[in-house]
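# Working through the structure, step by step
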Amino acid sequence: MKYTQLGRTGLKVSRLVLGTMNFGPQTDEADSHAIMDAALDAGINFFDTANVYGWGENKGRTESIIGSWFAKGGDRRDKVVLATKVYGNMGADGEAWPNHDKLSAVNIRRAVDASLKRLGTDRIDVYQFHHIDRDTPFDEIWQAVDVLIQQGKILYVGSSNFPGYKIAQANETAARRGGTIGLVSEQCLYNLAERRAEMEVIPAARDYGLGVIPWSPLHGGLLGGVLKKQAEGGRRASGRAAETLADPTARAQIQAYEDLLDKHGIEPGEAALAWLLTRPGVTGPIVGPRTAEQLASALRAVELELSEEMLTSLDEIFPGPGPSPEAFAW
């Protein structure tokens, strides 16, 4: 496994991030434990989750599965850089009692304690805001964070799904207040087929020293060889991938992508991950394997070196927006 610093921090993390969203809803506890063991054995030390994972009446289930894995011992907790998130409504019925969601100081304190209990640990290494809270000022958010850092309950803070201006606003407020280093990472939707983050989010993250952690690196399976799998009678596209394939132009784009990689004998999903690892500012993409085989494929991507010719060809199929602000200003 290869490692890098998380943004401007001294924290060293693996270039693949183990996403755990499937643990509980799609992968049972025993298989989830096996995947985490395999990831750790392969050198992946950065695990990502969220308090709402498990979904519906099972919100929090994913954190509990990770907690039961930590409880097995063997230095599991000490070897893992643990990231979870706060923001979502934790009510099983979808109705949040006032102050039981978002980023008020009251909810942040409550949510941290609840996550720590489910995870069976005394600290969260990277505590991430799952979304912007339009109603809570950053002065209040950072005040809550300062207390939690002083208590040793969290060590670093990251964001997720933030626009560039909110990254700037958050870190400028932190700098003005002093006492905290501000956001150190941004987890955003970013992949070959969805490159809008290059317009504002990634430039802001790089300027403020945040590590970029792309989620959905295969764009809901779209970049994982979906057309070939369908032709062979495999799993059909759903969600974001199915919506994209309904557009004939986009479908032709994906066909060109698969044809290019087939010509070079490269697995599409591995190429999509390897491409992200070449992008400036990217710490590592989140991979969310449902099976040990999917984890093995992701691990191969770390060692895959894409030639300059291949990178150029991928840019031709999936052109990015171009440099900011020229991409939208001129």
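Relevant structure appears above.
What this report covers is the structure whose coordinates are included nearby. Because the structure is predicted, anything quoted here is derived from the model rather than measured.

### A look at the pairing of strand 6 (residues 124-129)
- Here strand 6 lies mainly inside the structure; six of its six residues are buried.
- Here four bridges tie strand 5 (residues 81-86) to strand 6, and the two strands are oriented parallel to one another. Looking across to strand 6, one finds that Ala83 is bridged to Val126.
- With respect to chirality, the unit in which strand 6 leads through helix 5 (residues 138-151) into the neighbouring parallel strand 7 (residues 154-160) is right-handed.

### Focus: the sheet that holds strand 4 (residues 46-48)
- One open sheet holds the eight strands; their spatial order is 9-8-7-6-5-4-3-10, and the pairing between them is parallel. The open sheet has two edge strands with one neighbour each: strand 9 (211-215) and strand 10 (286-287).
- Taken together, the five bridges between strand 6 and strand 7 define a ladder with parallel strand orientation. If you follow Phe129 over to strand 7, its bridge partner there is Ser159.

### Topic: the pairing of strand 8 (residues 183-189)
- Taken across its seven residues, strand 8 has six buried, putting it largely inside the fold.
- Of the strand pairs in this sheet, strand 7 and strand 8 are connected by three bridges, and their pairing is parallel. When the sheet's bridge partners are listed, Val157 is paired in strand 8 with Leu183.
- Read from strand 7 through helix 6 (residues 164-177) to strand 8, the crossover connection turns out right-handed.
- This β-α-β element, strand 8 to helix 7 (residues 201-207) to strand 9, shows right-handed connectivity.

### A few points about helix 12 (residues 292-303)
- Within helix 12, burial applies to Leu295, Ala298, Ala301 and Val302. Taken around the axis of helix 12, the buried residues stretch over an arc of 105°, which confines them to a single face. Opposite the packed face of helix 12, turned more than 90 degrees from it, sit the exposed residues Glu293 and Glu303.

### Notes on the packing of helix 1 (residues 29-41) against helix 2 (residues 61-70)
- As a packed pair, helix 1 and helix 2 sit with axes 10 Å apart at the nearest point and diverge in direction by 60°. With respect to their mutual orientation, helix 1 and helix 2 come out oblique. For the pair helix 1 and helix 2, the sense of crossing is right-handed. Between helix 1, through Glu29, Ser32, His33, Met36, Asp37 and Leu40, and helix 2, the contact on the second element is made entirely by Arg61, Ile65, Ile66, Ser68 and Trp69.
- Looking at side-chain class alone, the contact of helix 1 with helix 2 contains five nonpolar, three polar and three charged residues.

### Regarding unusual backbone geometry
- Cis peptide bonds are those with omega within 30 degrees of zero, and the linkage from Ser324 to Pro325 qualifies with 10°.
- The residue Pro325 is located in the loop between helix 13 (308-317) and helix 14 (326-329) in this model.
- The backbone of Asn99 shows a phi angle near 75°, a positive value even though the residue is not glycine.
- Within the secondary structure, Asn99 is located in the loop between strand 5 and helix 4 (105-119).
- Judged by relative accessible area, which is 45%, Asn99 ranks as partly exposed.

### Some remarks on the pattern of salt bridges
- Tallying each qualifying case throughout the model produces 19 salt bridges.
- A salt bridge links Asp78 to Arg123; the nearest nitrogen and oxygen atoms lie 3.7 Å apart. Highlighted residues: Asp78 in helix 3 (residues 76-79) and Arg123 in the loop between helix 4 and strand 6, separated in sequence by 45 residues.
- According to the relative accessible area criterion, Asp78 is exposed, its value standing at 59%.
- Taken together, the salt bridges that share partners define one network made up of Arg77, Asp78, Asp122, Arg123 and Asp125.

Reading the values: the criteria
- Residues numbered from 1 in each chain as written.
- Predicted model: local features only at pLDDT ≥ 70, side-chain atom pairs only at ≥ 80, totals over all residues.
- Heavy atoms only, no water.
- Buried < 20%, exposed > 50% of the residue type's maximum accessible area, 1.4 Å probe, protein only.
- Helix = DSSP H or I, 4+ residues; strand = E, 2+ residues; numbered from the N terminus.
- Pairing = 2+ DSSP bridges.
- Right-handed = clockwise from strand over helix to strand, strands pointing away.
- Arc of directions from axis to C-beta.
- Axes fitted to C-alpha atoms, helices over the stretch in contact; angles between N-to-C directions.
- Parallel < 35°, antiparallel > 145°, perpendicular 65-115°, else oblique.
- Left-handed = near helix turned anticlockwise from the far one by under 90°.
- Contact = heavy atoms within 4.5 Å.
- Nonpolar A, V, L, I, M, F, W, Y, C, P; charged D, E, K, R; others polar.
- Salt bridge = Lys/Arg side-chain N within 4 Å of Asp/Glu carboxyl O.

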